[in-house]
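# Survey of secondary and tertiary structure
Here is what each chain is made of, one letter per residue.
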Amino acid sequence: MPAMSRGVLFTGGMRDWTATAEAYDRSFATLCDGAAARLLADLPGRDLLDVGCGTGRLAARAERAGRAVTALDADESMVESARGRLRGRVLRAALPDLPLPDASEDAISASFVLNHVDRPRAALAELRRVLRPGGRLAITVWPAGGASWSAMLGEVFEEAGAVLPPPERLSAEEDFDRSADGLAGLAREAQLEVRRACDLHWDWQVRPEDLWAGLDAGIATPGAVVRAQTPQVRARTREVFAARTAELSDLDGVMSFPVRAAYALGARPLDEEL
Ligand SMILES: C[S@@+](CC[C@H](N)C(=O)[O-])C[C@H]1O[C@@H](n2cnc3c(N)ncnc32)[C@H](O)[C@@H]1O
């Protein structure tokens, strides 16, 4: 997996990458999608560059609103999936090296990507490089402190006797505070003006079978936990997950979890010399 992060979106060895993008789209893409409307509202204009586009849901929303979108992602399966969804250009490229000219973009979204890169400051400097003076950059990351869906999975893992792999962390010099203030600090370090820094809240509606598809494909930290188990413990985890999620599902078989994300909107100063 090139350029994939310590945040571990995907783990494991040989894989059907198409299946991975499909599993991501069924599961964690619907989680991330909750932030999309706010980012797009804060990035007005005709053109949009979506960095770390995943399967292209945010970019597709922008296209439906009549915008001209360029999307890019480090992962080949994501690029293929996004190409199937989008009319616009989809590039395979990885932060902190974007194949785009200096000062070429008016609006950039980078939703839940900075938490997956090894060098967040270098990534932000690169995003700033391609922004035009006056252009805006909207960024989200998952905040410290966990989430209710992840706490539920923690209980499932404990009951199933799953062994947790050691967490992967950035070095102290590279890491940043996983909060809206932390994002704003990173943006200021990158010489961006901070226009907004706040938490975003929404509810994530997901079916147990869709969430399991993401976990079974090794996606996100809990997916890495599932992948790290022996076949027996994995089967037990599946059973405990099925029982726990059945209790949480409504009559239509859907679970709902409150979600919080850290968000910052930065702008490249208008009056700077290029
Ligand atoms: C959690 S997903 C978010 C995807 C999408 N933005 C969304 O909201 O659904 C993170 C995405 O970032 C991509 N990614 C990870 N490291 C990257 C890098 N260095 N440069 C560009 N994309 C990267 C992954 O391949 C993945 O598609």
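One structure accompanies this document, and this report is about it. (Residues numbered from 1 in each chain as written. Predicted model: local features only at pLDDT ≥ 70, side-chain atom pairs only at ≥ 80, totals over all residues.)

Around the ligand, the structure places 23 residues, and the nearest of them are C32, G52, G54, A74 and D75. Broken down by secondary-structure element, the contributors of at least two residues to the shell around the ligand are α2 (28–32) and α4 (57–64). Its residues placed into classes, the shell around the ligand shows 15 nonpolar, five polar and three charged. (Near = placed C-beta within 6 Å. Helix = DSSP H or I, 4+ residues; strand = E, 2+ residues; numbered from the N terminus. Nonpolar A, V, L, I, M, F, W, Y, C, P; charged D, E, K, R; others polar.)

Here we take up the nonpolar core. With 79 residues, the main nonpolar core has A59, L127, L183 and A264 as its most contacted residues. Considering every element that reaches this core, the biggest residue donor is strand β7 (residues 255–267), with six residues. Setting aside chain neighbours within four positions, we find A264 in contact with I139, A180, L183, A184, A187, V194, R196 and A197. (Core = buried A, V, L, I, M, F, W, Y, C linked by C-beta atoms within 7 Å. Buried ≥ 20, exposed ≤ 12 C-beta atoms within 10 Å, placed from the backbone. Contact = placed C-beta atoms within 7 Å.)

Within the secondary structure layout, E80 lies in helix α5 (residues 76–85). Take E80: there are 16 C-beta atoms within 10 Å of it, and that puts it in the partly exposed class. Sequence separation between E80 and A21 is 59 residues; the distance between their C-alpha atoms is 8.6 Å.

Turning our eyes to something else, we now look at helix α7 (residues 148–160). For α7, with 13 residues, the first-to-last C-alpha span of 18 Å sits near the 18 Å given by 1.5 Å per residue. Every buried residue belonging to α7 is among W149, L153, V156, F157 and A160, and all of these are buried. Looking down the long axis of α7, one finds its buried residues gathered within 95 degrees of arc, a one-sided arrangement. Of the residues in α7, the exposed ones pointing more than 90 degrees away from the buried face are A151, E155 and E158. Structurally, α7 contributes buried residues whose contacts are with β6 (193–206), α10 (220–227), α11 (231–248) and β7. Of the residues flanking the end of α7, it is G161, one or two places downstream, whose phi is positive at about 75 degrees. (Expected span 1.5 Å × (residues − 1). Arc of directions from axis to C-beta.)

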